[in-house]
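# Working through the structure, step by step
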Amino acid sequence: MAAKHFKYLILGGGVAAGYAAREFAKQGVKPGELAVISKEAVAPYERPALSKAYLFPQGTARLPGFHVCVGSGGERLLPEWYTEKGIELILSTEIVKADVASKTLTSASGAAFTYDILIIATGSTVIRLSDFGVQGADANNIFYLREIDDADKLVAAIQAKKNGKAVIVGGGYIGLELGAALRINNLDVTMVYPEPWCMPRLFTSGIAAFYEGYYAIKGIKIIKGTVAVGFDSNANGDVTAVKLKDGRVLDADIVVVGVGGRPLAALFKGQVVEEKGGIKTDGFFRTSVPGVYAVGDVATFPLKLYYEMRRVEHVDHARKSAEQAVKAIKASEEGKDIEEYDYLPYFYSRAFDLSWQFYGDNVGDTVLFGDNNPASAKPKFGSYWIKDGKVVGAFLEGGSAEENKAIAKVAKVQPPAGDLEQLTKEGLTFACKI
Ligand SMILES: Cc1cc2nc3c(=O)[nH]c(=O)nc-3n(C[C@H](O)[C@H](O)[C@H](O)COP(=O)(O)OP(=O)(O)OC[C@H]3O[C@@H](n4cnc5c(N)ncnc54)[C@H](O)[C@@H]3O)c2cc1C
């Protein structure tokens, strides 16, 4: 079979791929020049929706409602949009081999694609308990959440196990959002994680205490300091219980596992330089191989603000890195220069009626301010991180758009923190003055 050639090829059909396609269109890509190859059966969509409104009982968030770029207030790119622009969407196609020397990708069915310029946008995959050999971890109704197919299976299980028992393994982003979604669906929810508090990669103990308190009020049980070491299942192979390391056994009709992810860089192993588990790029998302770019979750890039190479697994960076790469590609074709990527880390999450945003870096000392009583009618609280006397990171729960803008500015400007007691007292006022 003859290889199909494209001037530009995007490998992956997720958030970064969608935003890159839009940027190519803005830059005047010609019909037939660009293709997006995706393992998924649908056009690029805003992945964060899968752990939020997609799982609500009313089931209102469905495609085509959340195709990119609605998540950032942009135009919704329906499959027809790609056709109109002459961009080929090659769906349900998994690439199993990449050869950067011959500029060729090969699919599972043996189709070959060649390119002049490649953007790697393969994102991450979930870490599975079966990867660690956890006994019984391949039972039915043990779910992971990364792609829309996973979400559809989970929705079907939620409907089949009405008022049943759910165990969430993991206390990170996915654990917290899924714990809330299953509770909203009236399941009896228990969360289990080994750390002393939830989301320790970002939350301080003070921040976490609020969310754990709030979840308890919503009827979610939390078991900390232990892990799932095995699962029981019935004659049909359906999970019935989760066995914990501390000896406890929890009945379960549904188990959701959120124990982290891993960037999908294996196809390029030994062909591009890697760093910190991802594909190393510069501030234009160029890899070590000319004509090959990497964006989104899979890229380890220079975070200029902190003089450090980082990998960021968040949607805002997926969008912005994709746009930066395409701008860089176009600029190099036209012999122009563009500014290096200058990213301010931004993460957010929503669960129940809660909504938080974080900007900057979570290093150094911290202060906690505001009303962090989980029983308050409208809690609003936050934290600052202080390093070398400067405020370098800011977190806010329950902020308005203006207030969130103010904490973003603090993280970018990095003003002197001054006296920490005074900073705690001032709280949000400090940010609003900057
Ligand atoms: C359930 C969930 C909720 C999230 N919620 C938030 C949130 O609230 N806030 C936040 O900031 N971030 C959130 N994230 C993270 C965010 O979605 C990711 O950082 C973002 O999607 C990364 O974009 P990407 O394009 O790099 O990867 P992805 O969006 O994962 O896209 C990768 C694409 O590549 C395809 N692919 C991979 N390998 C191959 C191959 N070999 N052949 C063909 N196709 C391939 C995949 O099928 C997929 O379509 C969430 C992630 C998940 C899974």
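Preceding block: the structure.
Below, the structure is looked at part by part. (Residues numbered from 1 in each chain as written. Predicted model: local features only at pLDDT ≥ 70, side-chain atom pairs only at ≥ 80, totals over all residues. Heavy atoms only, no water.)

### Digging into the pattern of salt bridges
- Taken as a whole, this structure holds 26 salt bridges when the rule is applied.
- Glu177 serves as the salt-bridge partner of Lys52, at 2.9 Å between the closest nitrogen and oxygen. You can see Lys52 sitting in the loop between strand S2 (34-37) and helix H2 (79-85) and its partner Glu177 sitting in helix H4 (residues 173-184), a full 125 residues away along the chain. Across this residue pair, the class does not change: Lys52 and Glu177 are buried.
- Its salt-bridge partner being Arg248, residue Asp246 comes within 2.9 Å of it at the nearest N-O pair.
- Overall, the relative accessible area of 39% leaves Asp246 in the partly exposed class.
- Its relative accessible area of 42% is what places Arg248 among the partly exposed residues.
- Bridged by salt links that share partners, the residues Lys165, Asp188 and Lys221 form one connected network. (Salt bridge = Lys/Arg side-chain N within 4 Å of Asp/Glu carboxyl O. Helix = DSSP H or I, 4+ residues; strand = E, 2+ residues; numbered from the N terminus. Buried < 20%, exposed > 50% of the residue type's maximum accessible area, 1.4 Å probe, protein only.)

### What about the packing of aromatic side chains?
- The tally for this structure, following the rule as stated, stands at 28 aromatic pairs.
- Their ring planes at 50° and their centres at 6.1 Å tell us that Tyr211 and Phe381 sit as a pair that is tilted. One end of the pair, Tyr211, is in helix H5 (residues 205-217); the other, Phe381, is in strand S25 (residues 380-387), with 170 residues separating them in the sequence.
- We classify Tyr211 as buried; its relative accessible area is 4%.
- Here the aromatic residues Tyr173, Phe203, Phe210, Tyr211, Tyr214, Tyr215, Phe352, Trp356, Phe381 and Phe395 are joined through ring pairs into a cluster of three or more.
- The cationic tip of Arg62 hangs over the ring face of Tyr54; the distance from NZ or CZ to the ring centre is 3.8 Å.
- A cation over an aromatic ring shows up here: Arg128 above the ring of Tyr144, its NZ or CZ 4.5 Å from the ring centre. (Phe/Tyr/Trp six-rings, centres within 6.5 Å; stacked < 30°, edge-to-face > 60°. Lys NZ or Arg CZ within 6 Å of the ring centre and 35° of its normal.)

### With respect to the site of the ligand
- The environment of the ligand is made up of 33 residues, and the closest members are Glu40, Lys52, Arg146, Glu147 and Asp297.
- Ala16 places a polar main-chain atom, nitrogen or oxygen, 2.8 Å from an oxygen atom of the ligand.
- Surface burial for the ligand is 96%, taken as the share of its 990 Å² of free accessible area covered by protein chains.
- Sorting the residues of the shell around the ligand by element identifies helix H1 (15-26), H4 and helix H6 (315-333) as the ones contributing at least two each.
- No fewer than three residues from each of domain 1 (4-125 + 262-333) and domain 2 (129-259) sit in the shell around the ligand. (Near = heavy atom within 4 Å. Polar contact = N/O pair within 3.5 Å; in protein donor to acceptor, adjacent residues only side chain to side chain. Areas by Shrake-Rupley, 256 points an atom, 1.4 Å probe, with all protein chains shown as cover. Domains from an automatic or database assignment.)

Honestly, that's just the spatial picture; any functional story needs more than this.
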